[in-house]
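What the coordinates show
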Amino acid sequence: MENKINYKTLLDFSKGKYSYNEYLDIKHWFTNVRNDIEVEEQLFNQWQGFSDSANTKSLHSIFEKIQYNILLEEKKNEKGKSIWQYYRQVAAILIPLIAISASLYFFTKPSQTTAQAWLEINVPEGARIEFLLPDSTSGWLNSGAKLKYPVEFTSHRKVELMGEAFFNVKHREHSDFTVGVKDMNIKVLGTKFNVSAYANEAVTEIVLKEGKVEVKGKTATFNQVLHPGEKISYNHEKNSLDKLAVDPNIYSAWTSGYLVIDNEPLEQAAKKLERWYGVEISIQDESLKKFRFKATFKEESLDEVLRFIAMTTPITYKIETRGQDSNGILKKKQVIIKLKR
Amino acid sequence: MKELKKGDHFAFEKIFERYSKQLFQFSLSYLKSEEAAEDIVQEVFIKIWNNRKELKTDTSFQSYLFTIALNSIRKYFNQLSRLNELKHDILFDSSGLKSDFDDRSDYQAMLDKLEELIKQMPEKRKEVFIKKKIEEKSLKEISEELNISTKTVEYHITEAMRFLKSEFDKLQIQGLIFFHLFIG
């Protein structure tokens with residue numbers, strides 16, 4: 001096959017003016033010609049032409065990814081070095097036992113890597129945080145959540161969660177990913193899902209958006225497989241398990257900054273508001289707690305949200321000024337909701 | 001460059017700021033995919049960092065960067081060729097004019113149009129279509145993954161192809177506008 005590429009073909013291609021056959025020519029050149037100095041020179045001229053690409057979108061997020069990789073790599077190297085230095089010292093002191101300590105080094109090495117350091121992300125009340133784990137699994141943590149993960153993953157990737165999170169798990173061949181919460185383990189193979197498991201709540205909820213997950217109880221014996229669009233709720237006080245078809249987008253809307261209340265009783269909605277705004281809400285009348293309502297908020301202030309609720313339900317509310325405890329530390333803002341008479 | 005050799009993170013950031021956009025644009029112009037171009041930027045700069053101790057301060061950094069970049073781009077170009085083949089098949093199947101199809105110089109415009117049309121498809125259909133035609137999954141795999149019957153999968157594929165055909169036919173009729181817009 002003749003493989004003559006001229007400058008014009010290259011230039012046209014890079015500008016997006018080409019036919020499929022011309023694409024094949026370029027492809028052929030890219031695969032076969034390694035030392036064509038002439039073409040390489042032409043490409044280099046083109047390369048220099050791009051030097052004032054000022055109006056490109058910001059690439060800073062890529063830099064952060066690179067930085068992250070570099071730091072991870074450095075940490076790994078440091079750890080390797082310090083173990084080595086430690087054993088060298090041991091060997092120097094115990095020269096007769098050099099052979100034994102060396103074999104000890106090799107035999108204990110695998111367990112050294114499993115007994116590794118854990119990192120923890122703590123989200124302050126009223127905030128939401130996006131995270132990226134060492135295996136490229138990403139997601140969001142909601143207000144007050146806590147995520148523990150190892151510095152380095154083994155083939156069984158495992159993290160621990162308290163609170164609410166949305167996971168986008170990176171699929172890896174022969175490597176499963178488990179999210180442990182207080183009362184269950186969620187085993188996944190590359191998928192997107194929302195978990196809500198707050199320590200002070202009886203119910204743990206998992207909503208699957210894509211893929212497949214397997215949910216196993218830690219103390220109670222249940223083992224369920226979840227399909228996209230399904231929600232599983234486990235109440236560990238009543239030891240009851242519920243499976244329901246839902247719209248998964250509602251449950252992950254918070255990752256885009258939406259607070260969605262979907263036909264929920266005020267009691268439950270108040271818990272969401274407490275976490276969302278980092279406040280404490282007390283509902284003074286029992287009858288109000290069962291009042292259901294539906295709303296979606298974005299960027300509204302606490303006051304605006306309460307005003308909206310007061311418009312659609314017979315309530316009055318009061319936001320108290322923040323008090324101090326005996327140590328002079330500011331307490332959470334208090335909201336009191338009462339039945340309107 | 002000397003600071004970078006010593007492992008200075010700040011110097012590295014400055015070099016990134018200065019050359020990353022050039023690298024991104026150049027990669028994009030050959031790979032035609034922002035995702036791939038971003039991967040190139042990441043890969044090339046990690047290489048530069050890892051090889052910082054071997055940096056020669058007397059030769060041009062531009063040509064050093066270019067050499068690394070070109071190698072990465074070649075590799076990605078090959079990786080993307082399967083995807084391009086698949087896209088070519090879709091375009092060819094949905095195009096009315098088959099005889100001179102491979103010589104039409106508006107190929108990139110058609111690729112862009114394909115991308116846009118896929119985005120316009122209803123959510124489920126788009127998902128099925130991509131799994132079948134781009135990820136090359138079988139009817140059975142898709143039906144299991146999405147929990148729908150193979151009949152439904154087939155239906156979505158047929159409808160998606162019909163949609164693409166009719167849209168490309170429309171463009172054929174308005175051909176002149178289409179050509180002038182993208183080629184002119």
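Computed from a prediction, not measured in an experiment: that's the story for all the values here. (Residues numbered from 1 in each chain as written. Chains lettered and ligands numbered in written order. Predicted model: local features only at pLDDT ≥ 70, side-chain atom pairs only at ≥ 80, totals over all residues. Heavy atoms only, no water.)

A few points about the side chain of R275(A)
Locating R275(A) in the fold gives a position in helix 7 (residues 266-277). With near-sequence residues (within four places) excluded, R275(A) lies in contact with E125(A), G126(A), S143(A), Y198(A) and E201(A). (Helix = DSSP H or I, 4+ residues; strand = E, 2+ residues; numbered from the N terminus. Contact = heavy atoms within 4.5 Å.)

Description of the nonpolar core
Core analysis: the biggest nonpolar cluster contains 62 residues, and L43(A), F45(B) and L164(B) have the highest contact counts within it. The element contributing the most residues to this core is helix 4 (residues 61-94) of chain B, with 12 residues. What F45(B) contacts, discounting residues up to four positions off in sequence, is I66(A), F12(B), I15(B), F16(B), Y19(B), S20(B) and L23(B). (Core = buried A, V, L, I, M, F, W, Y, C linked by side-chain atoms within 4.5 Å. Buried < 20%, exposed > 50% of the residue type's maximum accessible area, 1.4 Å probe, protein only.)

Focus: the pattern of salt bridges
Under the definition given, this model contains 25 salt bridges over all chains. Put simply, R157(A) and D135(A) hold a salt bridge, and the shortest N to O gap is 2.5 Å. With R157(A) in strand 5 (residues 157-168) and D135(A) in the loop between strand 2 (129-132) and strand 3 (138-141), this residue pair connects regions lying 22 residues apart in the sequence. The exposure classification of R157(A) matches that of D135(A), with both residues buried. A salt bridge links K75(B) to E43(B), with the nearest nitrogen and oxygen atoms 3.1 Å apart. Within this pair, whereas K75(B) is found in helix 4, its partner E43(B) is found in helix 3 (residues 34-50), the two being separated by 32 residues in sequence. The class for E43(B) is buried, based on a relative accessible area of 19%. Salt bridges linked by common partners bring K131(B), E135(B), K137(B) and E145(B) together as one network. (Salt bridge = Lys/Arg side-chain N within 4 Å of Asp/Glu carboxyl O.)

A look at the interface of chain A and chain B
Contacts between chain A and chain B engage 42 residues on the former and 48 residues on the latter. Interface of chain A and chain B: buried area, both sides summed, is about 4,400 Å²; carbon and sulfur atoms make up 65% of it. For chain A, the biggest contributors to the area lost against chain B are Y20(A), F30(A) and W47(A); these three give 20% of the whole. Linking chain A with chain B are 1 salt bridge. The residue E40(A) makes a salt bridge to R74(B) at a minimum N-O spacing of 3.9 Å. Put simply, chain A and chain B have 14 residue pairs in polar contact (both at pLDDT 80 or more) between them. (Buried area = accessible area lost by both parts, 1.4 Å probe. Polar contact = N/O pair within 3.5 Å; in protein donor to acceptor, adjacent residues only side chain to side chain.)

A short note on the side chain of K231(A)
All names here are of chain A. Residue position: K231 is located in strand 12 (residues 230-235). A relative accessible area of 10% means that K231 is categorised as buried. Discounting chain neighbours no more than four positions away, the residues touching K231 are E205, I206, V207, D242, K243, L244, V246 and Y251.

Brief notes about the sheet that holds strand 18 (residues 333-339) of chain A
Residue and element names in this part refer to chain A. Spatially, 15-18-17 is the arrangement adopted by the 3 strands of the open sheet, whose pairing is mixed. The open sheet is flanked by strand 15 (279-283) and strand 17 (315-320), the only strands paired with a single partner. When strand polarity is set aside, the average angle formed by the axes of neighbouring strands in this sheet is 20°. Relative to strand 18, strand 17 runs antiparallel, the two sharing 6 bridges. From the neighbouring strand, I315 faces strand 18, where its bridge partner is L339. (Pairing = 2+ DSSP bridges. Axes fitted to C-alpha atoms, helices over the stretch in contact; angles between N-to-C directions.)

Thoughts on the environment of P228(A)
Its location among the elements puts P228(A) in the loop between strand 11 (223-226) and strand 12. P228(A) sits in the partly exposed class, given a relative accessible area of 33%. Spatially, the C-alpha atoms of P228(A) and F193(A) are 8.7 Å apart, while their sequence positions differ by 35 residues. When neighbours within four sequence positions are excluded, P228(A) is seen to be in contact with L208(A), K209(A), E210(A), G211(A) and E145(B).

Some words on the environment of L161(A)
Residues and elements named next belong to chain A. Within the fold, L161 resides in strand 5. Exposure remark for L161: the relative accessible area of 6% places this residue in the buried category. Sequence-wise, L161 and Y198 are 37 residues apart; in three dimensions their C-alpha atoms are separated by 9.0 Å.

Digging into the confidence of the model for chain B
All names here are of chain B. Summary statistics for chain B give a mean pLDDT of 85 and a share of 91% for residues scoring 70 or more. Helix 9 (residues 175-182) is the least confidently modelled element of chain B, averaging 51 in pLDDT, while helix 6 (residues 123-133) averages 92, the highest of any element. Quick note on the complex model: pTM equals 0.49, ipTM equals 0.83. (pLDDT = per-residue confidence, 0-100.)

Observations concerning the pairing of strand 9 (residues 203-210) of chain A
Residues and elements named next belong to chain A. Bridge analysis of strand 8 (residues 192-197) against strand 9 gives 5 bridges, and the strand direction is antiparallel. For F193, the partnering residue across the bridge sits in strand 9 and is L208. The antiparallel hairpin formed by strand 8 and strand 9 contains 5 residues in its connecting segment. Taken together, the 5 bridges between strand 9 and strand 12 define a ladder with antiparallel strand orientation. Bridge assignment links I206 to a residue of strand 12, and that residue is I232.

Comments concerning helix 4 of chain B
Residues and elements named next belong to chain B. Here helix 4 spans 46 Å end to end across 34 residues, near enough to the 50 Å set by a 1.5 Å rise per residue. Remark: the principal bend of helix 4, roughly 35°, maps to S81. Capping the start of helix 4, S60 holds a side-chain oxygen 3.2 Å from the backbone nitrogen of Q62, two or three residues further along. (Expected span 1.5 Å × (residues − 1). Bend = angle between axes of the 7 residues up to and from the residue.)

Focus: unusual backbone geometry
Backbone phi values are negative for most residues with the exception of glycine, while trans is the configuration of most peptide bonds. Positive phi values are uncommon outside glycine, yet H174(A) reaches one of about 55°. With respect to the element layout, H174(A) can be found in the loop between strand 5 and strand 6 (177-180).

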